[in-house]
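# Geometric and topological summary
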Amino acid sequence: MKAVKTLGQFIIEKQADFPYAKGELSRLLRDLGIAAKIVNREVNKAGLADILGEAGSVNIQGEEQKKLDIYANEQFISALKYGGECCMVASEENEDYIHIDSEISREAKYIVAIDPLDGSSNIDVNVGVGTIFSIYRRISASGKANDSDVLQRGTEQVAAGYIIYGSSTMLVYTTGKGVNGFTLDPSIGEFCLSHPNMCIPDDGVIYSINEGYYTHFPDGVKKYIKYCQVEDAKTNRPYTSRYIGSMVADLHRNMIKGGIFIYPLTASAPKGKLRLVYECNPMAFIIEQAGGKASNGYDRILELEVTELHQRSAIFIGSKNMVIKAEEMMACFSPQLTRKNFEGETCLQ
Ligand code: P6P
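As the structure is a computational prediction, the values presented were derived from the model and not from experiment.

Conventions and cut-offs
- Residues numbered from 1 in each chain as written.
- Predicted model: local features only at pLDDT ≥ 70, side-chain atom pairs only at ≥ 80, totals over all residues.
- Heavy atoms only, no water.
- Domains from an automatic or database assignment.
- Contact = heavy atoms within 4.5 Å.
- Buried area = accessible area lost by both parts, 1.4 Å probe.
- Salt bridge = Lys/Arg side-chain N within 4 Å of Asp/Glu carboxyl O.
- Helix = DSSP H or I, 4+ residues; strand = E, 2+ residues; numbered from the N terminus.
- Phe/Tyr/Trp six-rings, centres within 6.5 Å; stacked < 30°, edge-to-face > 60°.
- Buried < 20%, exposed > 50% of the residue type's maximum accessible area, 1.4 Å probe, protein only.
- Axes fitted to C-alpha atoms, helices over the stretch in contact; angles between N-to-C directions.
- Parallel < 35°, antiparallel > 145°, perpendicular 65-115°, else oblique.
- Nonpolar A, V, L, I, M, F, W, Y, C, P; charged D, E, K, R; others polar.
- Polar contact = N/O pair within 3.5 Å; in protein donor to acceptor, adjacent residues only side chain to side chain.
- Pairing = 2+ DSSP bridges.

A few words on the domain arrangement of the protein. What the domain assignment reports for the protein is domain 1 (7-195) and domain 2 (206-348). Centre-to-centre, using C-alpha coordinates, domain 1 lies 25 Å away from domain 2. In this assembly, 47 residues from domain 1 lie in contact with 32 residues from domain 2. Taken together, both faces of the contact between domain 1 and domain 2 bury some 2,800 Å²; the carbon and sulfur share is 64%. Put simply, glutamate 92 and arginine 275 hold a salt bridge, and the shortest N to O gap is 2.7 Å.

Another point: the environment of methionine 198. Tracing the backbone shows methionine 198 in the loop between strand S10 (190-195) and strand S11 (206-208). A C-alpha to C-alpha distance of 30 Å links methionine 198 and glycine 84, two positions 114 residues apart in sequence. Setting aside residues no more than four positions away along its own chain, methionine 198 makes contact with Val172, Val179, Asn180, Gly181, His252, Met255, Ile256 and Ala290.

A few words on the packing of aromatic side chains. Counted according to the given criterion, the structure contains eight aromatic pairs. Ring geometry for tyrosine 214 and phenylalanine 217: centres 6.3 Å apart, planes at 70 degrees, overall edge-to-face. Ring geometry for tyrosine 243 versus phenylalanine 261: centroids 6.3 Å apart, planes at 10 degrees, classification stacked. Here the residue tyrosine 243 occupies a position in the loop between strand S12 (240-241) and helix H6 (247-257), and phenylalanine 261 occupies one in strand S13 (residues 260-263), the gap between them amounting to 18 residues. The exposure class assigned to phenylalanine 261 is buried, which follows from its relative accessible area of 3%. Through a chain of ring-to-ring contacts, the aromatic side chains of Phe10, Tyr173 and Phe182 assemble into a single cluster.

Moving on, we come to the packing of H6 against helix H7 (residues 276-289). Packing of H6 against H7 leaves a shortest axis separation of 12 Å and a crossing angle of 10 degrees. Comparing their axes, H7 and H6 come out roughly parallel. Taking contact as the criterion, the partners of Met247, Val248, Leu251 and Met255 in H6 are, on H7, Glu279, Met283, Ile286 and Ile287. Taken together, the residues of the contact of H6 with H7 break down into seven nonpolar, no polar and one charged.

Tracing the backbone shows aspartate 118 in strand S5 (residues 110-118). Here the side chain of aspartate 118 touches methionine 247 through a polar contact of 3.4 Å, landing on its backbone nitrogen. What aspartate 118 contacts, discounting residues up to four positions off in sequence, is Val129, Gly130, Ile132, Ser246, Met247, Val248 and Glu279.

Pairing within the open sheet is mixed, and its five strands lie in the order S12-S11-S13-S15-S14. Every interior strand has two partners, whereas the edge strands, S12 and strand S14 (293-295), have only one. With two bridges joining them, S11 and S12 adopt parallel strand pairing. The residue bridging isoleucine 206 from the neighbouring strand is threonine 240, located in S12. Against the sheet, H7 contacts S14 and strand S15 (315-318), and its axis sits at roughly 30 degrees relative to S15.

See below:
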């Protein structure tokens, strides 16, 4: 019987990787794990409890809030509030920051940005949904945390992770030293190490994009989609199209099997749909730590300037060589990049 290593044991064991760590980050990750178990319990019985359907309210994004959205948001904020290691939460569900100014948290070192239940439109049809979180060290001296503490580049993240509530519930996270995945064992109520040192294959045969918006895609994206569909045995094309409509589920599949996920600029989302702070940056950190790549089609996601909490971005993320190929197609149609990257060369056919 292989020894089981729980999330808690793993976090403590890895704390040794950070010689100056006094355990705050470990306790913060523990707090998130506890909230994930509580949310999982409700997600898994969503069809039974009176928790399905719209809550009748809309979030900052103007999106119908499902009751589970609100429930998940409350659980994560509560766990962070009483855990004492986080001084401010930035959530997709809240227009403004949630300051945690209790005695034990006011001077806490960390900020958490979170999408408490991503893909929630899939809840009623029993498709995988997820939580995405990003952790920064606060940089303001003292007192109330502020914009400067959250609007940091993705490269400044201390840790990032996601929870996927699917056929099983997994918590996947990184602190900058690789990616590890933990599967919830309901019989003991613990996340157990099931996917140590996760690596995304450099190549894949899955492309993941909502082709319903094809007409309005940038030309480079159209060119890449056609590239994926060409018959070419040498490069294992045509690729397979898989799109769940839940970023965490699509990216988790690609993490395991290889693949690329693209949410480009579209007519209905001229600045992109996915949010930089609590979706693109944490997922980019995780995918890069697993050996993959993440950009907005031109520039590395983690280096994008962050100017507002609910800022959106295009995202091309997944297997390194697939993202590079898609970026080459994008460069063909971007004059300034064409000069820089393809001096005198013709664009890829
Ligand atoms: P569309 C879910 O609402 C979400 O934020 C992501 O999880 C998902 O990848 C995307 O939006 C789906 O958007 O426009 O294809 O329905």
